[in-house]
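# Residue-level structure breakdown
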Amino acid sequence: MDPEKRVQQIAYILQKEGYALAFVEDHGRVYYSLFSKDSLDPSSSAIVQLLQGLFGQFVDNSFFILRRRLYTTEEISAKEEGMIRVVAKRARSKVKAVNHGLNLSDLEFIKIEFSRQQALAENHLGVFNLSLPENLRGLAFKTDQERWDFVTQLAELNPRGLILHDYDRPVAAALWNSRGELLSYGINSSSRNKTLHAEINLVQSFCAASGGPLPEGGTLFVTHKPCRMCAGMIYDCSANPFSMQIKYLIEEKGRLSRNTILDQKGLNYFCGVSNIDMAKKLLRNVDQLSDFTAATRQ
Ligand SMILES: [Zn+2]
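Quantities reported herein were computed from a predicted structural model and do not represent experimental measurements.

Next up on the list: the overall build of the chain. When its secondary structure is counted, the chain shows twelve helices and ten strands. A burial count over the chain gives 46% of its 298 residues as buried. For the chain, contacts bridging at least 24 residues in sequence account for 68% of all contacts bridging at least 6.

Listed below in structure tokens is the structure:
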């Protein structure tokens, strides 16, 4: 069977009017997701939903499934390109849905959906990523030091647990608007779902709550340099990425953090501290943030 025709036939079987389609085939099973073209949420898509949902529904098989080529009927944006690089291998965009009359009745089709609520509920720190607590909403920060103190304390909420899936690297991110008011934060929770880096949690919870992109003129502080996936998500989900200030404390040298779209556009800044302990020594304590950290540890 001609492989191109086969892919087009699968797209034909699965396509739905008004929806973008993404799919991946492994061992006679086709995992697919449909994403409404009317969605106002810039932080998801057919590919993003497929990748995030595979970790949710098939975490034990995800490693093998994601070595296969992904297909989508759409173009591949920065956030998708980054997510594919970080958690999968390769993808093909703009697949056409064509009926070649091929018989694919031996394939099993499995619809993939993604619930952030569920994914975060399964993670030991997930609840802190679901929404900004009332007492922190709009909290005003005056200096960069206060902001660094806040994000480093958030990152410290990630202790090393007893089992593999309790361990998340201590990475956190927080977003302020142009008036210095806290809008959103995210803590890394990627041990089970490899897409849930701190910045992804921040952007997706903000977009879900506000129904729109990150606002113009925002300031984003991240403990570690955003990887390709997170950089793509921040870039694609900002109303105007060129109006954003994106600062990070700790350099990441790995291949997945090099030459990100934020690097290419000159939009993120290393703030010159070589490790988190050194950073903490430089920072002052802010009482209300210590209270928050203490409360969330109980
Ligand atoms: Zn990342």
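So much for the structure itself; the text now carries on.
Looking at the secondary structure, you find Leu-196 in the loop between strand 7 (182–187) and helix 8 (198–210). Assessed through the 25 C-beta atoms surrounding it within 10 Å, Leu-196 is described here as buried. For the pair Leu-196 and Gly-186, spaced ten residues apart in the sequence, the C-alpha separation amounts to 9.3 Å. When sequence neighbours within four positions are dropped, the list of residues in contact with Leu-196 reads Ala-119, Ser-189, Ser-190 and Asn-201.

A sheet is described by the order of its strands in space; here five strands give the open sequence 4-3-1-2-5, paired in mixed fashion. Bordering the open sheet on either side are strand 4 (91–92) and strand 5 (108–111), each of which pairs with just one other strand. Pairing of strand 3 (residues 70–72) with strand 4 involves two bridges; the strand directions are parallel. The residue of strand 4 that forms the bridge with Leu-70 is Ala-91. Sheet strands touched by helix 2 (residues 46–57): strand 1 (19–26), strand 2 (29–36), strand 3 and strand 4. Its angle to strand 2, the strand with the most contacts, is close to 130 degrees.

Next up on the list: the sheet that holds strand 9 (residues 245–250). In spatial order, the strands read 7-6-8-9-10; together these five strands make up an open sheet with mixed pairing. Strands with a single pairing partner mark the edges of an open sheet, and in this sheet they are strand 7 and strand 10 (268–270). Between one strand and the next, the sheet's axes are offset by a mean angle of 15 degrees, whatever the strand orientation. As defined by bridge partners, strand 6 (residues 172–176) adjoins strand 8 (residues 219–224) across four bridges and the pair is classed as antiparallel.

A word on unusual backbone geometry. Unlike most non-glycine residues, Lys-94 shows phi in positive territory, near 50 degrees. Its place among the elements puts Lys-94 in the loop between strand 4 and strand 5. Positive phi values are uncommon outside glycine, yet Asn-259 reaches one of about 50 degrees. Overall, Asn-259 belongs to the exposed group, with 10 C-beta atoms counted inside 10 Å.

Here we take up the pairing of strand 8. Most of strand 8 sits inside the fold, with five of its six residues counted as buried. Pairing analysis gives five bridges linking strand 8 to strand 9, with the strands arranged parallel. Within strand 9, the residue paired with His-224 across the bridge is Ile-250.

Closest axis-to-axis distance for the helix 2/helix 4 (residues 78–87) pair is 9 Å, and the angle between their directions is 25 degrees. On the basis of the axis angle, helix 2 is roughly parallel to helix 4. Pair helix 2 / helix 4 crosses with left-handed handedness. Counting all contacts with helix 2, which are made through Ile-47, Val-48 and Leu-51, the residues of helix 4 involved are Lys-79, Glu-80, Met-83 and Val-87. Tallied by class, residues from the contact of helix 2 with helix 4 come to five nonpolar, no polar and two charged.

What describes two packed helices is the angle between their axes and the distance between those same axes. Interaxial distance between helix 4 and helix 9 (residues 228–236) falls to 7 Å at its minimum, and their mutual angle equals 165 degrees. It follows that helix 4 is roughly antiparallel to helix 9 by the angle criterion. Where helix 4 crosses over helix 9, the two elements pack in a sense that is left-handed. Facing Ala-78, Lys-79, Glu-81, Gly-82, Met-83, Arg-85 and Val-86 of helix 4, the residues of helix 9 in contact are Arg-228, Met-229, Ala-231, Gly-232, Met-233, Tyr-235 and Asp-236. Each residue belonging to the contact of helix 4 with helix 9 can be placed in one class, and the counts come to seven nonpolar, two polar and five charged.

Now for the nonpolar core. For soluble globular proteins, nonpolar side chains are generally found buried alongside one another. By size, the foremost hydrophobic cluster in this structure holds 78 residues, and its most contacted members are Leu-50, Val-151, Ala-172, Ala-173 and Ile-234. The element that contributes the greatest number of residues to this core is helix 2, accounting for seven residues. Apart from the residues within four sequence positions on either side, Val-151 is in contact with Ala-172, Ala-173, Ala-174, Phe-221, Val-222 and Thr-223.

The next subject is the confidence of the model for the chain. Per-residue confidence for the chain gives a mean pLDDT of 87; residues scoring 70 or more make up 87%. Considering only residues more than four positions removed or in separate chains, one finds that residues 281–298, a stretch of pLDDT under 50, has 20 contacts.

Procedures and definitions
- Residues numbered from 1 in each chain as written.
- Predicted model: local features only at pLDDT ≥ 70, side-chain atom pairs only at ≥ 80, totals over all residues.
- Helix = DSSP H or I, 4+ residues; strand = E, 2+ residues; numbered from the N terminus.
- Buried ≥ 20, exposed ≤ 12 C-beta atoms within 10 Å, placed from the backbone.
- Contact = placed C-beta atoms within 7 Å.
- Pairing = 2+ DSSP bridges.
- Axes fitted to C-alpha atoms, helices over the stretch in contact; angles between N-to-C directions.
- Parallel < 35°, antiparallel > 145°, perpendicular 65-115°, else oblique.
- Left-handed = near helix turned anticlockwise from the far one by under 90°.
- Nonpolar A, V, L, I, M, F, W, Y, C, P; charged D, E, K, R; others polar.
- Core = buried A, V, L, I, M, F, W, Y, C linked by C-beta atoms within 7 Å.
- pLDDT = per-residue confidence, 0-100.

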